[in-house]
Amino acid sequence: MEKRTQSPKRRRLVLVPCPYQGHITPMLQLGTFLHNNGGFSITIAHTRFNSPDPSNYPFFQFLYLDDGIPKHEAIPADLIAVLLDLNVNCRASFEDQMRRLIGGGGAGEEVVAGVIYDEVMFFCEEVLSDLKVRSFILRTTCAAASLARMALVRLNDEGYFPLKECMLQDPAPELHPLRFKDLPISLTTGFTKYPTLVKGMYNLETPIKAEAIIWNTMEWLEESTVSQIKTKSTTVPVFFIGPLHRTASARTSVLTEDFNCLQWLDEQADGSVVYVAIGSIASLGEKELGEMAWGLANSQQPFLWVVQPGAVRGSEWIEALPDGFLEAVGGRGCVVKWAPQKEVLAHRAVGGFWSHCGWNSSMESLSEGVPMLCSPCFGDQKVNARYLSHVWRVGLQLENGLERGEIENGIKRLMDEEQGREIRDRAKHFKEKIEAHVKVEEDQCSSRTHLKDLVSLLSSF
Ligand code: UDX
């Protein structure tokens, strides 16, 4: 009898991003890489809330999770509460969708090789364990932020919190170079909910069931942290595959980017413009907006400022800008609702980035050699700001919140030819290092090698 050869089934990966821009972006970039380089079919299991337009990703299949999160939480008043709600609300529809996918794929041309979920969407783990589907965790922060978050539970158990105001500047135990004030919590709000979130994200109460943990960072950038993580993670492989935006060129923006600002940049002198953006989820009070505005105006430096609609609490957009500000800055300033940030940072006119230090923004800035003025708002941004200013030393941190005098001085120091020279030189050096790093294949610490090993692992099932 003739022997029938069976062609191998195509492998499908399901990706579950947390529905905020800073998380959606690295997940879509990873999906693009795995589709283009690993030959995987990709399903994005997304909430209906804050979804990117699926028509921009014709090569991905989208399926939707019922999340119960209202639209106005796109800039959340209480992020931790929304993240905890997501973990409760999405579970049933995720399980349902996964059952259908596995059922449908079993007899056909495809097999579900695994699910990569954002660390924040930790409800996936139990569902996948029940369904016997392999899981992989994507951590979208730097490695140092992960260690700091894990340490919070220990510090809480040791009775450090609520922390006394006078201890904010003290070194955080076992977390050098972080001070207590750099830890990713707000000391005034929400700590009671935080341990639940952190325990879920880091599987602190059950052994890790995932097949691997993936970080969007580089091993060489965080050598000592990575080695601590490797020591702790002896049972599960870890991959450091950043910066993902240099690995896969995907347009990932949920909001519409205003490309006109690139023309405005074309008219500015080389290295003269301060680009100002605070990411996708931070918000400002009217007073902070006013301090930012006058700090920028008084610095006399040209600036491109992103103010996302809804980011100023109580305003639609920039109605709360102080009287006289727009007249004072005239053509020296350009304010937009959302910018094509990667193109902006790569523009020859941009000489500094005043940033909230989200991890994507930090890596995008490092990759373009743009020095930073660091104004972290919350969470991992505080860890990133400390590393940017005191370890990699490519940034200056505004230590006292948003105050016009400090802002003006910070901008002047950063942009001044002499005062900012060292920081600028170091930032250029990082750009060169990253350029070289993304090309290296042989080095076992390089992200390319980690990506190759990750593809092998995903393909081995
Ligand atoms: C948040 C956290 O702050 C971040 O540290 C974490 O790792 C992910 O969740 P977010 O605050 O939005 O993210 O900041 P960031 O990580 O910097 O991501 C923002 C993204 O939006 C960046 O990729 C940036 O390029 C993009 N962006 C921002 C635009 O495309 N246009 C803009 O105008 C502003």
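What counts, and where the lines are drawn
- Residues numbered from 1 in each chain as written.
- Predicted model: local features only at pLDDT ≥ 70, side-chain atom pairs only at ≥ 80, totals over all residues.
- Heavy atoms only, no water.
- Helix = DSSP H or I, 4+ residues; strand = E, 2+ residues; numbered from the N terminus.
- Areas by Shrake-Rupley, 256 points an atom, 1.4 Å probe, with all protein chains shown as cover.
- Lys, Arg positive; Asp, Glu negative; His and termini not counted.
- Charge placed at Lys NZ, Arg CZ, Asp CG, Glu CD.
- Pairing = 2+ DSSP bridges.
- Axes fitted to C-alpha atoms, helices over the stretch in contact; angles between N-to-C directions.
- Contact = heavy atoms within 4.5 Å.
- Buried < 20%, exposed > 50% of the residue type's maximum accessible area, 1.4 Å probe, protein only.
- Near = heavy atom within 4 Å.
- Polar contact = N/O pair within 3.5 Å; in protein donor to acceptor, adjacent residues only side chain to side chain.
- Nonpolar A, V, L, I, M, F, W, Y, C, P; charged D, E, K, R; others polar.
- Domains from an automatic or database assignment.
- Buried area = accessible area lost by both parts, 1.4 Å probe.
- Salt bridge = Lys/Arg side-chain N within 4 Å of Asp/Glu carboxyl O.
- Phe/Tyr/Trp six-rings, centres within 6.5 Å; stacked < 30°, edge-to-face > 60°.
- Lys NZ or Arg CZ within 6 Å of the ring centre and 35° of its normal.
- Expected span 1.5 Å × (residues − 1).
- Core = buried A, V, L, I, M, F, W, Y, C linked by side-chain atoms within 4.5 Å.

## Examining the overall build of the chain
Then step 1. Of regular secondary structure, the chain possesses 16 helices and 13 strands.
Then step 2. Along the first, second and third principal axes, the C-alpha atoms of the chain reach 85 × 50 × 45 Å.
Then step 3. Split by element, the accessible area of the chain, about 20200 Å² in all, is 49% carbon and sulfur.
Then step 4. Seen as two clouds, the 47 positive and the 58 negative side-chain charges of the chain have centres 5 Å apart.

## Some thoughts on the sheet that holds strand 2 (residues 41–47)
Then step 1. The strand order across the open sheet formed by seven strands is 3-2-1-4-5-6-7, and the pairing between neighbours is parallel. Every other strand in the sheet has two partners, leaving strand 3 (60–65) and strand 7 (238–240) as the edge strands with one partner each. Across the sheet, the mean angle from the axis of one strand to that of its neighbour is 25 degrees, orientation sign disregarded.
Then step 2. Of the strand pairs in this sheet, strand 2 and strand 3 are connected by six bridges, and their pairing is parallel. Of the residues in strand 3, the one forming a bridge with Ala45 is Leu63.
Then step 3. Against the sheet, helix 4 (residues 123–131) touches strand 1 (10–16), strand 3, strand 4 (110–118) and strand 5 (135–139), its axis set at about 155 degrees to strand 4.

## Let's talk about the pairing of strand 10 (residues 333–336)
Then step 1. Along strand 10, one buried face is formed by Gly333 and Val335 and the opposite face, lined by Cys334 and Val336, is buried too.
Then step 2. As paired elements, strand 9 (residues 303–306) and strand 10 share four bridges and run parallel to each other. Bridging across to strand 10, Phe303 finds its partner in Gly333.

## Let's talk about the site of the ligand
Then step 1. In the vicinity of the ligand, 20 residues are found, and the nearest of them are Ser280, Ala339, Ser361, Glu364 and Asp380.
Then step 2. At a separation of 2.9 Å, an oxygen atom of the ligand approaches a polar side-chain atom of His356.
Then step 3. Between Asn360 and the ligand, the recorded distance is 2.8 Å, taken from a side-chain N or O atom to an oxygen atom.
Then step 4. Within the complex, 97% of the 650 Å² of free accessible area of the ligand lies under protein.
Then step 5. Looking at the shell around the ligand, the elements with two or more residues in it are helix 1 (21–38), helix 12 (359–368) and helix 13 (380–390).
Then step 6. Here the shell around the ligand takes four residues from helix 12, the largest share from any one element.
Then step 7. Classifying every residue of the shell around the ligand gives six nonpolar, 12 polar and two charged.
Then step 8. The two domains that each donate at least three residues to the shell around the ligand are domain 1 (11–140 + 207–247 + 439–459) and domain 2 (260–435).

## A look at the domain arrangement of the chain
Many analyses report the size of an interface as the accessible area lost when the parts associate.
Then step 1. Looking at the assigned domains, one finds that the chain contains domain 1 (11–140 + 207–247 + 439–459) and domain 2 (260–435).
Then step 2. At the interface, 22 residues of domain 1 touch 23 residues of domain 2.
Then step 3. Contact between domain 1 and domain 2 buries roughly 1800 Å² in total, counting both sides, with carbon and sulfur atoms accounting for 62%.
Then step 4. Three residues, Ile75, Trp220 and His245, lead the burial of domain 1 against domain 2; their summed loss comes to 32% of the area buried on that side.
Then step 5. On the surface where domain 1 and domain 2 come into contact, there are one salt bridge.
Then step 6. Among the ionic pairs, Arg246 bridges to Glu435, the shortest N-O distance being 3.5 Å.
Then step 7. For the side of domain 1 that touches domain 2, the element with the highest residue contribution is helix 1, accounting for five residues.

## With respect to the sheet that holds strand 10
Then step 1. As summarised here, the arrangement of the six strands in space is 10-9-8-11-12-13, forming an open sheet in which the pairing is parallel. The open sheet is flanked by strand 10 and strand 13 (395–397), the only strands paired with a single partner. Going from strand to strand, the sheet's axes swing by 15 degrees on average, the running direction of each strand aside.
Then step 2. Here strand 8 (residues 273–277) runs beside strand 11 (residues 350–355); their pairing, made up of five bridges, is parallel. In the strand pairing of strand 11, Val273 is matched with Val350.
Then step 3. The sheet strands contacting helix 9 (residues 286–299) are strand 8, strand 9 and strand 11, and the helix crosses strand 9 at an angle near 165 degrees.

## With respect to the environment of Glu406
Then step 1. Tracing the sequence through the fold places Glu406 in helix 14 (residues 404–415).
Then step 2. Note: C-alpha distance between Glu406 and Tyr117 (289 residues apart in sequence) is 40 Å.
Then step 3. Setting aside anything within four residues of it in sequence, one finds Glu406 in contact with Leu398, Glu399 and Asn400.
Then step 4. A distance of 3.0 Å separates a polar side-chain atom of Glu406 from the backbone nitrogen of Glu399.

## Here's the deal with the packing of aromatic side chains
Then step 1. Tallied over the full model, the rule gives 16 aromatic pairs.
Then step 2. Ring centres of Tyr387 and Trp392 lie 5.5 Å apart, and the angle between their planes is 50 degrees; this geometry places the pair in the tilted category. Accessibility assignment for this pair places Tyr387 and Trp392 in one class, buried.
Then step 3. Here the aromatic residues Tyr57, Phe59, Phe60, Phe62 and Tyr64 are joined through ring pairs into a cluster of three or more.
Then step 4. Directly above the aromatic system of Trp317 lies the positively charged group of Lys337, at a separation of 4.8 Å from the ring centroid.

## Re helix 15 (residues 421–437)
Then step 1. Across its 17 residues, helix 15 extends 24 Å between first and last C-alpha, which sits within 8% of the 24 Å expected from 1.5 Å per residue.
Then step 2. In this structure, the buried side of helix 15 is in contact with helix 12, strand 13, helix 14 and helix 16 (447–459).

## Here's the deal with the nonpolar core
Then step 1. Judged by nonpolar contacts, the single largest core of 101 residues is most densely connected at Val16, Phe94, Met98, Leu183, Tyr275 and Leu304.
Then step 2. Sorting elements by how many residues they give to this core places helix 5 (residues 143–157) first, with nine residues.
Then step 3. Per-domain counts for this core show at least three residues from each of domain 1 (11–140 + 207–247 + 439–459) and domain 2 (260–435).
Then step 4. Discounting residues that sit within four places of it in the chain, Leu304 has contacts with Cys261, Trp264, Leu265, Val273, Val274, Tyr275, Val276, Cys334, Val336 and Val344.
Then step 5. Formed by 30 residues, the second largest nonpolar core is a distinct cluster that contains Val274, Met292, Ala320 and Leu396.

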